[in-house]
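# Examining the three-dimensional arrangement
Below are the chains, spelled out letter by letter.
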Amino acid sequence: MVIKLRLDPSSGVATYLQLVHQVKHALRLGVLMPGDRLPTIKEVVNDLAINPNTVAKAYRELEHEGFVVGRPGLGTFVRRSLGSGSTADHTRLRRDLARWVHDCREAGLDIGDMEALFATVLADSAQEGIA
């Protein structure tokens, strides 16, 4: 499976790190599995209109961390996954989270409010030894 990478120019996060984070999220969620090919540097450059060196830097970072392996002339392939839990669990939790986001919007919260609330609950649960 080939994932579609995207950029958020307003995030304040370096472009290559946005690419790294997206690949890691896809690995964690089971969207990318060992053996899957990442988009080629040329494909990413054409889709996102960024410098090829930026994509290469992201892929080198992922390779350095052991998540992917480059095969000259063939592309960059997933070496290992980050995921835990089943796809069914991810589907159910994503649905629950989407409902939570909807409820937050209904209550008048914006994205920043939701991020702050989520981060607080996550930090609290970590201190309680839940997360």
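Per chain, the residues get numbers from 1 upward, laid out in the order the sequence is written. Totals for whole chains, interfaces and linings use all residues, but because this is a predicted model, local features are given only for residues with pLDDT of at least 70 and pairs of side-chain atoms are given and counted only at 80 or more. Hydrogen atoms and water are omitted, and side-chain values are computed over all heavy atoms in the structure.

## Here's the deal with the UniProt feature "domain: HTH gntR-type" (unreviewed entry) in the protein
UniProt positions are given in the numbering used here, feature names are shortened, and annotations may be inferred rather than shown by experiment. Cross-referencing UniProt, the feature "domain: HTH gntR-type" (unreviewed entry) maps to residues 13-81 in the present numbering. In this annotation, residues 13-81 is assigned 51% helix and 12% strand; the end-to-end C-alpha distance for the span is 23 Å. Think of it this way: any DSSP run of H or I at least four residues long counts as a helix, any run of E at least two long counts as a strand, and we number them from the N terminus.

## Brief notes about a nonpolar patch on the surface
Within the patch definition used here, like charges are joined within 9 Å and nonpolar side chains (Val, Leu, Ile, Met, Phe, Trp, Tyr) within 5 Å, considering only residues with over 30% relative accessible area and no salt bridge. Each accessible area is a Shrake-Rupley estimate made with a 1.4 Å probe; only the visible protein chains count as cover when residues are assessed. Salt bridges are counted wherever a side-chain nitrogen of Lys or Arg sits within 4 Å of a carboxyl oxygen of Asp or Glu. Nonpolar side chains collect at one region of the surface, where Leu 97, Phe 118 and Leu 122 lie side by side and expose about 270 Å² of accessible area between them. Relative to the elements of secondary structure, Leu 97 occurs in helix 4 (residues 87-106). Residue Leu 97 is classed as partly exposed on the basis of its relative accessible area of 42%. Buried means the residue's accessible area, taken with a 1.4 Å probe over protein chains only, is under 20% of the maximum for its type, while exposed means over 50%, and partly exposed covers the values in between.

## Here's the deal with the side chain of Asp 36
Residue placement: Asp 36 occurs in the loop between helix 1 (15-28) and helix 2 (41-48). The charge count includes Lys and Arg as positive and Asp and Glu as negative, but it does not include His or the ends of the chains. No salt bridge forms around the buried Asp 36; measuring N to O, its nearest opposite-charge neighbour Arg 37 is 9.4 Å away. Residues adjacent in sequence count toward polar contacts only when both atoms are side-chain atoms; beyond that, a polar contact is any pair of N or O atoms within 3.5 Å, and within protein one must be able to donate a hydrogen and the other to accept it. From its side chain, Asp 36 meets the backbone nitrogen of Met 33 in a polar contact 2.8 Å long.

## Things to note about helix 5 (residues 111-127)
For helix 5, with 17 residues, the first-to-last C-alpha span of 24 Å sits near the 24 Å given by 1.5 Å per residue. Between a side-chain oxygen at the N-terminus of helix 5 and the backbone nitrogen of Gly 112 the separation is 3.1 Å; the capping residue is Asp 110. Multiplying 1.5 Å by the helix residue count minus one yields the expected span of that helix.

## Notes on unusual backbone geometry
At Ala 49, a position not held by glycine, the phi torsion is positive, near 55 degrees. When you line up the elements, Ala 49 lands in the loop between helix 2 and helix 3 (52-64). Residue Ala 49 is classed as exposed on the basis of its relative accessible area of 70%.

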